[in-house]
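Each chain, letter by letter, is given below.
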Amino acid sequence: MKIFYSSFIVMIFGLLISFFIGNLKAVYICFLLAILEVSLSFDNAVVNAKILNQMNEVWRKRFIIFGIPIAVFGMRFLFPLLIVSIFSGHSMLQTLNFAINSPELYHEALSQNKDEIYIFGGAFLMMVFFDFFFDSQRKTHWLELIENNKIIEFFKKFANINLILAIFLGLIFMQKTSNLTYGLCFFSAIFIHLLISSLNETFSSGSVRNGIIGFLYLEVLDASFSFDGVIGAFALSENIFIIMIGLGIGAMFVRSITIYLVEKKTLLKFAYLDHGAHYAIFALSIIMFIQVFYEVSEIITGTIGFLFIFLAFLSSVYKNRRDNLQAKAD
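Here's a quick rundown of the structure. (Residues numbered from 1 in each chain as written. Predicted model: local features only at pLDDT ≥ 70, side-chain atom pairs only at ≥ 80, totals over all residues. Heavy atoms only, no water.)

What to know about the overall build of the chain
The helix and strand tally for the chain stands at 14 helices and 0 strands. In sequence order, the secondary structure elements of the chain are arranged as α-α-α-α-α-α-α-α-α-α-α-α-α-α. Over its C-alpha atoms the chain spans a radius of gyration of 20 Å, differing by no more than 12% from the 20 Å that the globule rule assigns to 330 residues. Each principal axis of the C-alpha atoms in the chain carries an extent, and together these give about 70 × 50 × 35 Å. Of the contacts made within the chain by residues no fewer than 6 positions apart, 79% connect residues no fewer than 24 positions apart. With the model as given, the accessible surface of the chain reaches about 16,700 Å², and the carbon-plus-sulfur share is 69%. Positive and negative charge centroids in the chain, built from 23 and 23 side chains respectively, lie 11 Å apart. (Helix = DSSP H or I, 4+ residues; strand = E, 2+ residues; numbered from the N terminus. Rg over C-alpha atoms; globule rule 2.2 N^0.38 Å. Contact = heavy atoms within 4.5 Å. Areas by Shrake-Rupley, 256 points an atom, 1.4 Å probe, with all protein chains shown as cover. Lys, Arg positive; Asp, Glu negative; His and termini not counted. Charge placed at Lys NZ, Arg CZ, Asp CG, Glu CD.)

Considering unusual backbone geometry
At Asn-23, a position not held by glycine, the phi torsion is positive, near 60°. Summarising the element assignment, Asn-23 is placed in helix 1 (residues 5–52). Of note, the phi angle at Ser-178 is positive, near 55°, even though the residue is not glycine. One can find Ser-178 in the loop between helix 8 (161–177) and helix 9 (180–203).

Structural notes on the packing of aromatic side chains
Across all of its chains, the model carries 22 aromatic pairs by this definition. Consider the rings of Phe-129 and Phe-282, whose centres lie 4.3 Å apart with planes at 15°: the pair is stacked. Of this pair, Phe-129 sits in helix 5 (residues 114–133) while Phe-282 sits in helix 13 (residues 273–290), and the two are 153 residues apart along the sequence. With a centroid separation of 6.3 Å and 40° between ring planes, the pair formed by Phe-130 and Phe-282 is classed as tilted. Placement of Phe-130 in helix 5 and of Phe-282 in helix 13 is noted, with a sequence separation of 152 residues between them. Overall, Phe-130 belongs to the buried group, its relative accessible area being 4%. Aromatic rings pair up to connect Phe-129, Phe-130, Phe-133, Phe-134, Trp-142, Tyr-279, Phe-282 and Phe-308 into one cluster. Above the plane of the ring of Phe-132 lies Arg-138, whose end atom (NZ or CZ) is 4.2 Å from the centre. (Phe/Tyr/Trp six-rings, centres within 6.5 Å; stacked < 30°, edge-to-face > 60°. Buried < 20%, exposed > 50% of the residue type's maximum accessible area, 1.4 Å probe, protein only. Lys NZ or Arg CZ within 6 Å of the ring centre and 35° of its normal.)

Here you go:
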């Protein structure tokens, strides 16, 4: 429980600040935003835990110490400002002025460019799933019919099949949308993922992931997960500070869940949690692409992710009981 103390402290201070900003209504909205963030990012916590397990103790602590302000202030406050500034042609100060004094204009500017944001995030998360799904070293399979059939085994023999498939899908997406900007966002995400993965392979040793590269990968991954929450938050409030506080509280709890999963070695105890998280990531990636054409409720997004992880958890419990019974029989 101590792992969650800092998150509860941040929540209390955040809700107090929101009360001074907009009374009880703002407190309630912040609470809802925190729940939204946790529901959309629980799978992020599972994947983060998997990566942190591959990093040394020093970089684990650095991820917690430096990653929290980056997640709260950087990704939930500065990053949306930067996106709006780039696409609207206004300076960061002008954009900040819009956010404070004309939130409806800021929201409109962010909404006008949400397609590019969704495409970048969707492409990056898709690569995260492909890396997992086509990993020839992975021996544990959850959905045997999907993960361990002759067709998939055939594709795993090709080097960089994940990259080949992503490029193929990107070209199809460009052909369907006839939008060069969309293509640029899609392939930029693939390039960044490929760059980070290449640097990690170059500088990592054995099973220990390179600290700085792992840290950067986690931050980009967190950014990809935060896009949906940041844009969806405007359905509840147009006050950028209320949004930052609410999503920041949620981000703190996601970090605490990540630490809990690492310290309790939960991923080792429940073999399929990692699978469920990656399927949830793939579902979120598809939803991000769909949102370019149709609106998808955050409730649907969060529920799909939760269901994948919940089903993976139940399957893991069943597997553990079956293995224990078999061990006793032997």
